[in-house]
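Coordinate analysis (summary)
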Amino acid sequence: MTASVTASRADFEARLRAIGAARYHDRHPFHHRLHSGGCAPDEVRAWVINRYYYQSRIPMKDAAFMSRVEDPELRRAWRSRMEDHDGSEGNEGGIRRWLRLAEAVGLDPAYVASTDGVLAATRFAVDAYVRFVRDRTLLEAVASSLTELFAPAIHANRIEGLLKHYDFADEASLSYFRNRFQEAPKDVAFGLDWVLAHADTGEKQDAAAGALIFKTEVLWAQLDALEHAYVTPGRIPAGAWVPGEGLLARAAE
């Protein structure tokens, strides 16, 4: 087998960015409909419920990662990711902000937090991501987080689109996305620099690129499941949220 050629740092970064340009879930039809106002209220609710499962597992994924890291410097740099989602003194955290969005679209936050209505495909995809970060090399684990490189554009489009097209959207309900503009840049810069520094052979670069592709597939699979269950053909599997369940009293009227 021919050994992979080691690309320059600049060329390898370009390779990673090209993966995002081709595969990031901003290209998914569900997001196009959501951001353009094409989603019915129950489709938005289904997205909020299922995306919560992903949000709630991010700090668990990061805890699994940190449990394997022997370098205190890397642990210190990574620790803020958990606090960004779980919260800390003076910071309510991304999970609570997501539940505020759930309430804004008419869902009972307690129901959403229970994860009772999450699609099985969502669980499989997200749990596979947690296992990937827990079990694969540290390089692959960090590289899988680099979808954050492409998130600012989708957050900007989402904020603009939701504010324009949906009555529930306001500064409070969309605070999760606005906060990511402040929280994510430091994580992106650190993660990208770490991967570029540690992927110092062609084989390692291939592994890191593969990890990033895997993560884009995790994100894409969640939207495919939503589309199939709640849009076309609209077949909701047993155990998943059914419109009308888990609503606040005002939304159920």
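Just so you know, these numbers come straight off a predicted model, no measurement behind them.

With that out of the way, let us pick up the overall build of the protein chain. Counting its regular elements, the protein chain contains 12 helices and zero strands. Each helix (α) and strand (β) of the protein chain, taken in turn from the N terminus, gives the series α-α-α-α-α-α-α-α-α-α-α-α. For the protein chain, the C-alpha radius of gyration of 19 Å lies close to 18 Å, the compact-globule estimate for 253 residues. With the principal axes as the frame, the protein chain shows a C-alpha extent of 65 × 45 × 35 Å. A buried classification covers 49% of the 253 residues belonging to the protein chain. For the protein chain, contacts bridging at least 24 residues in sequence account for 78% of all contacts bridging at least 6. Averaging the coordinates of the 31 positive side-chain charges in the protein chain and doing the same for the 36 negative ones gives two points 2 Å apart.

Tracing the backbone shows Lys186 in helix H10 (residues 175-198). Placed 106 residues apart in sequence, Lys186 and Ser80 show a C-alpha to C-alpha distance of 9.8 Å. When sequence neighbours within four positions are dropped, the list of residues in contact with Lys186 reads Ser80 and Asp84.

Looking now at the packing of aromatic side chains. What the rule picks out here adds up to 10 aromatic pairs. When the ring of Phe132 is compared with that of Phe214, the centres are 4.4 Å apart and the planes differ by 15°; the resulting orientation is stacked. With Phe132 in helix H7 (residues 120-135) and Phe214 in helix H11 (residues 202-230), this pair connects stretches of sequence that are 82 residues apart. On the basis of relative accessible area, Phe214 is assigned to the partly exposed category, the value being 22%. Residues Tyr176 and Phe177 carry aromatic rings whose centres are separated by 5.4 Å and whose planes lie at 90° to one another, so their mutual orientation is edge-to-face. On the basis of relative accessible area, Tyr176 is assigned to the buried category, the value being 6%.

We now examine the side chain of Arg51. Tracing the sequence through the fold places Arg51 in helix H3 (residues 41-66). The side chain of Arg51 sits in the buried core without any salt bridge; Glu148 is the nearest counter-charge, 9.5 Å away.

Turning our attention to H3. Relative to the 38 Å expected for 26 residues at 1.5 Å per residue, H3 spans 38 Å between its end C-alpha atoms, a close match to the ideal helical length. Ile58 marks the point of greatest bend in H3, at about 30°, and the proline Pro59 comes within the next four residues. Summarising burial for H3: 21 of the 26 residues are buried, a large majority.

Moving on, we come to the pattern of salt bridges. Applying the stated criterion across every chain yields a total of 16 salt bridges. Residues Glu13 and Arg17 are paired through a salt bridge, measuring 3.0 Å at the closest nitrogen-oxygen approach. In this pair, Glu13 and Arg17 are both assigned in helix H1 (residues 9-23), four residues apart and thus about one turn of the helix distant. Take Glu13: its relative accessible area is 22%, and that puts it in the partly exposed class. The class of Arg17 is partly exposed, set by a relative accessible area of 38%. For the salt bridge of Arg81 with Glu148, the shortest nitrogen-to-oxygen distance reads 3.2 Å. Of this pair, Arg81 sits in helix H4 (residues 72-86) while Glu148 sits in the loop between helix H8 (138-144) and helix H9 (151-165), placing them 67 residues apart in sequence. Using a relative accessible area of 3% as the deciding quantity, one classes Arg81 as buried.

Reading guide: rules and limits
- Residues numbered from 1 in each chain as written.
- Predicted model: local features only at pLDDT ≥ 70, side-chain atom pairs only at ≥ 80, totals over all residues.
- Heavy atoms only, no water.
- Helix = DSSP H or I, 4+ residues; strand = E, 2+ residues; numbered from the N terminus.
- Rg over C-alpha atoms; globule rule 2.2 N^0.38 Å.
- Buried < 20%, exposed > 50% of the residue type's maximum accessible area, 1.4 Å probe, protein only.
- Contact = heavy atoms within 4.5 Å.
- Lys, Arg positive; Asp, Glu negative; His and termini not counted.
- Charge placed at Lys NZ, Arg CZ, Asp CG, Glu CD.
- Phe/Tyr/Trp six-rings, centres within 6.5 Å; stacked < 30°, edge-to-face > 60°.
- Salt bridge = Lys/Arg side-chain N within 4 Å of Asp/Glu carboxyl O.
- Expected span 1.5 Å × (residues − 1).
- Bend = angle between axes of the 7 residues up to and from the residue.

Note that every value here comes from positions in space, so none of it alone points to a role or purpose.
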